[in-house]
Amino acid sequence: MESLSAIGVFARVAETGSFASAARALGITPSAASKSVARLEERLGTRLVQRTTRRMHLTEQGARFHERCVRALTELRDAESELAHAVRTPRGRVRVSVPEMLALRLIIPNLQRFRREYPHLELDLDVNDHLADIVGDGLDAAVRCGELTDSRLMRRRLGPKRFILCASPAYLQAHGTPRSLDALQEHDCIRYRFVSTGRVESWALRQPAGAPAPRIPETFVFNNSEAVTHAARAGFGIAQFVELMIRPELEAGTLRPFLREHSLERGALWLVWPQARRTPPKVKALGDFLARLVEEDEAGAR
């Protein structure tokens, strides 16, 4: 490192033609500049700069050495610039585990936009509802819903997880719209079973403190969230969804929300990744992109 520093001083002296000018440019004293070049000459065993009381000039060896130094320093600066650009510019392949419904309804419809915004990134999606082992499976990141418990992971909140009750217009016309939570027990209900635990997901419902949880029938149970959506849209019963995930159905009117006063936020959408001293640029870029999509959806829903 000391040699590189001395070479830098020597190159600046050669370019400016004086120790004083080089020292000003480098923020050191003329004496320090002169001593640095002297130590370099001693190490190389030859004189690089011919000094007189009135002027200085490069020796023949100094001129040849300066020519090589300029090329080497240019290469170093280019390498530094290239590395800094690579750090700032996300690039490479990012492997991410994503729940099926989020992939189908939020990410895949926006792949062209992702490509435009991050042309040097390749997206490798592991699309399923299994709880992936991010570290063990060698993933760069995963999108998780709800509460997080794995302390090995770093996290970024993407947005709220707001639950709403919905059914198709045909079902509500045939069976009536429930006017209270207790009325749900008289209806066909479509439930989701977690793939990882086999447990049927409880519905997130806002109700008075201390009130007993309403009994929710398990008329149809699926371990695939997209299947729940298809069944609800086909008129088989009432289902609960994360509002973000069924925006197309809400806008098209193929699913209608009700009992909005009992809607509840539970947990959130998160991007998680293995612990690191610094968040990889490609993971940060993915987080920025997903957070923008969620934010835009929230803004459009208001």
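What comes next is a walk through the structure. (Residues numbered from 1 in each chain as written. Predicted model: local features only at pLDDT ≥ 70, side-chain atom pairs only at ≥ 80, totals over all residues. Heavy atoms only, no water.)

1. Notes on the overall build of the chain
When its secondary structure is counted, the chain shows 10 helices and 11 strands. Relative to its length of 302 residues, the chain is extended, with a C-alpha radius of gyration of 32 Å against a globular reference of 19 Å. By its C-alpha atoms, the chain is 105 × 35 × 30 Å across when sized along the principal axes. Counting only residues that meet the buried cut, the chain has 40% of its 302 residues in that class. Considering only contacts in the chain between residues 6 or more positions apart, those separated by 24 or more positions represent 75%. Only carbon and sulfur atoms are counted for the fraction: they give 50% of the accessible area of the chain, which is about 16800 Å². Charged side chains in the chain number 45 positive and 37 negative. The centres of these two groups are separated by 8 Å. (Helix = DSSP H or I, 4+ residues; strand = E, 2+ residues; numbered from the N terminus. Rg over C-alpha atoms; globule rule 2.2 N^0.38 Å. Buried < 20%, exposed > 50% of the residue type's maximum accessible area, 1.4 Å probe, protein only. Contact = heavy atoms within 4.5 Å. Areas by Shrake-Rupley, 256 points an atom, 1.4 Å probe, with all protein chains shown as cover. Lys, Arg positive; Asp, Glu negative; His and termini not counted. Charge placed at Lys NZ, Arg CZ, Asp CG, Glu CD.)

2. Brief notes about unusual backbone geometry
One non-glycine residue, L259, lies in the positive phi region at around 50°. Residue placement: L259 occurs in the loop between β10 (256-258) and β11 (264-274). Classification of L259 by relative accessible area gives buried; the value is 8%.

3. Quick word on the pattern of salt bridges
Tallied over the full model, the rule gives 22 salt bridges. Residue R162 pairs with E243 through a salt bridge whose shortest N-O separation is 3.5 Å. With R162 in strand β6 (residues 153-167) and E243 in the loop between β9 (238-242) and α9 (247-252), the pair connects residues that are 81 residues apart, well separated along the chain. On the basis of relative accessible area, E243 is assigned to the buried category, the value being 7%. A salt bridge links E201 to R266; the shortest N-O distance between them is 3.9 Å. Taken as a pair, E201 in the loop between β7 (189-192) and β8 (220-222) and R266 in strand β11 lie far apart in primary sequence, 65 residues in all. Classification of E201 by relative accessible area gives buried; the value is 15%. Taking relative accessible area as the criterion, R266 reaches 30% and is therefore assigned partly exposed. Via salt bridges that share partners, R162, E243, R247, R260, E265 and D297 belong to a single interconnected network. (Salt bridge = Lys/Arg side-chain N within 4 Å of Asp/Glu carboxyl O.)

4. Side note on the pairing of β7
Here β7 shows two buried faces, one formed by C189 and R191 and the other by I190 and Y192. Of the pairings in the sheet, the one linking β7 to β8 comprises 3 bridges and is parallel in character. Of the residues in β8, the one forming a bridge with R191 is V221. (Pairing = 2+ DSSP bridges.)

5. Things to note about the packing of helix α5 (residues 100-107) against helix α8 (residues 225-233)
Packing of α5 against α8 leaves a shortest axis separation of 7 Å and a crossing angle of 70°. With respect to α8, the axis of α5 lies roughly perpendicular. Across the interface between the two elements, E100, M101, L104 and R105 from α5 touch S225, E226, T229 and R233 from α8. (Axes fitted to C-alpha atoms, helices over the stretch in contact; angles between N-to-C directions. Parallel < 35°, antiparallel > 145°, perpendicular 65-115°, else oblique.)

6. Focus: helix α2 (residues 19-26)
Among all positions of α2, only F19, A22 and A23 are buried. Viewed end-on, α2 has its buried residues packed into an arc of 100°, placing them on one side of the element. (Arc of directions from axis to C-beta.)

7. Some details on α5
Most of α5 sits inside the fold, with 6 of its 8 residues counted as buried. Three or more residues of α5 are buried, namely M101, L102, A103, R105, L106 and I107.

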